[in-house]
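Below, each chain spelled out in residue letters.
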Amino acid sequence: MHTTGIRKAKDFKQYKFTRIILFGDTPGILQITKIIPSDLIKGIVVSSIRPQYFKSAKRIAARLKVPILIQPKYKAQGYKKFLEDIKSLNPDFFICNSYSMLIRDKILQTVNYNAINVHWALLPKNRGPHPTQWAIIKDEKKTGITVHY
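Structure report, in brief.

Calculation rules
Residues numbered from 1 in each chain as written. Predicted model: local features only at pLDDT ≥ 70, side-chain atom pairs only at ≥ 80, totals over all residues. Heavy atoms only, no water. Core = buried A, V, L, I, M, F, W, Y, C linked by side-chain atoms within 4.5 Å. Buried < 20%, exposed > 50% of the residue type's maximum accessible area, 1.4 Å probe, protein only. Helix = DSSP H or I, 4+ residues; strand = E, 2+ residues; numbered from the N terminus. Pairing = 2+ DSSP bridges. Right-handed = clockwise from strand over helix to strand, strands pointing away. Salt bridge = Lys/Arg side-chain N within 4 Å of Asp/Glu carboxyl O.

Points about the nonpolar core
Then step 1. Counting 18 residues, the largest nonpolar core has F23, V45, I86, F94 and I107 as the members making the most contacts within it.
Then step 2. Secondary-structure elements contributing two or more residues to this core are β1 (20-24), α4 (79-88), β4 (93-97) and α5 (105-109).
Then step 3. The element contributing the most residues to this core is α4, with four residues.
Then step 4. In terms of nonpolar packing, the next biggest core, distinct from the first, is built from 17 residues, L22, L40, I41 and I95 among them.

This is how it looks when you write it as structure tokens:
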């Protein structure tokens, strides 16, 4: 397998981002915490539509000593407060891995669009949730991972 970019946590230090918020479910967050120094992680966001991850994500946040935020649906009453809570953490970068909701413009603006997303398929194929499972169901001979800014 050929990989490029960040290989070890210390490699991430060369970038100037110091206040990172992670968006994801428990497996996605755990993958990212293996390569991002914990002192750079300032918060964790989980999706309100995946409550099965709340408990385990809270344990990760407690271990990292960072707040956990639950993103409500865009039209939900708590969405404005969620946006305020994100802003209060003063982030400068987002990393999204295995996340099931859209991260909208108002949220992305808080980090001047400095965000990357890891999607477990070769976009635009298998957009949305469960991309690996869909590749198997569709009997695709080739799949991969898309990381986009």
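Focus on the pairing of strand β2 (residues 41-47)
Then step 1. Of all seven residues in β2, six are buried; the element is thus mostly enclosed.
Then step 2. Of the strand pairs in this sheet, β1 and β2 are connected by four bridges, and their pairing is parallel. Across the sheet, the residue bridging to I21 is G43, located in β2.
Then step 3. Running through helix α2 (residues 26-33), the crossover from β1 to the neighbouring parallel element β2 is right-handed.
Then step 4. In terms of strand pairing, β2 meets strand β3 (residues 68-71) through four bridges, oriented parallel. By the bridge assignment, V46 is partnered in β3 with I70.
Then step 5. The β-α-β motif built from β2, the intervening helix α3 (residues 54-64) and the parallel element β3 has right-handed crossover chirality.

Some remarks on the pattern of salt bridges
Then step 1. Here the structure, examined in full by the defined rule, presents two salt bridges.
Then step 2. One salt bridge connects K81 with D85, and the closest N-O pair in it is separated by 3.0 Å. With K81 and D85 both in helix α4 and four residues apart, this pair spans about one turn of that helix.
Then step 3. D139 is paired through a salt bridge with K141; the nearest N and O atoms lie 3.2 Å apart. Each member of the pair, D139 together with K141, is exposed.

Here we look at unusual backbone geometry
Then step 1. Its identity as a non-glycine residue notwithstanding, N112 has a phi of 50°, on the positive side.
Then step 2. Inspection of the secondary structure puts N112 in the loop between α5 and β5 (115-119).
Then step 3. Residue classification places N112 among the exposed positions, given a relative accessible area of 62%.
Then step 4. Positive phi values are uncommon outside glycine, yet Y113 reaches one of about 65°.
Then step 5. Mapped onto the secondary structure, Y113 falls in the loop between α5 and β5.
Then step 6. When its relative accessible area of 36% is taken as the criterion, Y113 is described as partly exposed.

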